[in-house]
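One letter stands for each residue in the lines below.
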Amino acid sequence: MPLPSFHMIEAAPQPVAPFSHACEVDGWVFLTGQMPTRPGAPDEPLPDGIEAQTRRVMDNLIIVLEGMGLGLENVAQARVFITDFERDYAAMNQTYLEYFAEGKLPARTCIGVTGLAVGALVEIDMVARRP
């Protein structure tokens, strides 16, 4: 099996910790969890509310996918981390659904956590597969 290749996507947000935006091995692409930070403006305040933060996170994931020559249709699995599960779960789900074609949802786990980097309400990571 080949060794992993590590990718930084120029158009993606600046990392908030030591990581690559994506790591690929044998056609599998592992995307680091994205935060609701704006590309090119890491110090800008985060969007207000779970819906806006979920949109920014999904848009950031799309930037990374596109930088890898992929799209959401290539995503096999996602993990969602939210800091206020009871308050934000339904609204996050509604926003998340807007990004996928009907009946084409990746496998997913959603986890309530006590905190996320940069004070975010949501973080999402993904696993994609090359055709």
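To be clear, the structure that these remarks concern was listed above.
The rules behind these values
Residues numbered from 1 in each chain as written. Predicted model: local features only at pLDDT ≥ 70, side-chain atom pairs only at ≥ 80, totals over all residues. Heavy atoms only, no water. Helix = DSSP H or I, 4+ residues; strand = E, 2+ residues; numbered from the N terminus. Rg over C-alpha atoms; globule rule 2.2 N^0.38 Å. Buried < 20%, exposed > 50% of the residue type's maximum accessible area, 1.4 Å probe, protein only. Contact = heavy atoms within 4.5 Å. Lys, Arg positive; Asp, Glu negative; His and termini not counted. Charge placed at Lys NZ, Arg CZ, Asp CG, Glu CD. Pairing = 2+ DSSP bridges. Axes fitted to C-alpha atoms, helices over the stretch in contact; angles between N-to-C directions. Phe/Tyr/Trp six-rings, centres within 6.5 Å; stacked < 30°, edge-to-face > 60°. Lys NZ or Arg CZ within 6 Å of the ring centre and 35° of its normal.

**Concerning the overall build of the protein**
Assigned secondary structure in the protein consists of two helices and six strands. N-terminal to C-terminal, the α/β element order of the protein is β-β-β-α-β-α-β-β. Compactness check: the protein gives a C-alpha radius of gyration of 14 Å against a globular reference of 14 Å for 131 residues, within 12% of the reference. Dimensions of the protein, computed from C-alpha atoms along their principal axes, come out at roughly 45 × 35 × 20 Å. The 131 residues of the protein split such that 44% are buried. In the protein, the share of contacts with a sequence separation of at least 24, taken over all contacts with a separation of at least 6, comes to 70%. Taking the average place of the 9 positive charges on the side chains of the protein and the average place of its 17 negative ones, the gap between the two points comes to 4 Å.

**Description of the sheet that holds strand S2 (residues 22-25)**
Taken in spatial order, the six strands line up as S1-S2-S3-S6-S4-S5 in an open sheet, and their pairing is mixed. Looking at strand neighbours, the two that pair on one side only are strand S1 (5-7) and strand S5 (107-112), the edges of this open sheet. Ignoring which end each strand starts from, the neighbouring axes of this sheet average 15 degrees apart. Two elements, S1 and S2, share three bridges in a ladder whose sense is antiparallel. Considered in S2, the bridge of Ser5 is made with Glu24.

**Section: the packing of aromatic side chains**
On inspection of all chains with the given rule, the structure shows two aromatic pairs. Measuring from ring centre to ring centre gives 4.7 Å for Phe85 and Tyr89, while their planes differ by 15 degrees; the resulting arrangement is stacked. Taken together, the residues span about one helical turn, with Phe85 and Tyr89 both in helix H2 (residues 85-97) at a distance of four residues. The class of Phe85 is partly exposed, set by a relative accessible area of 32%. Geometry around Tyr96 places Arg108 over its ring, the cationic atom sitting 4.7 Å from the centre.

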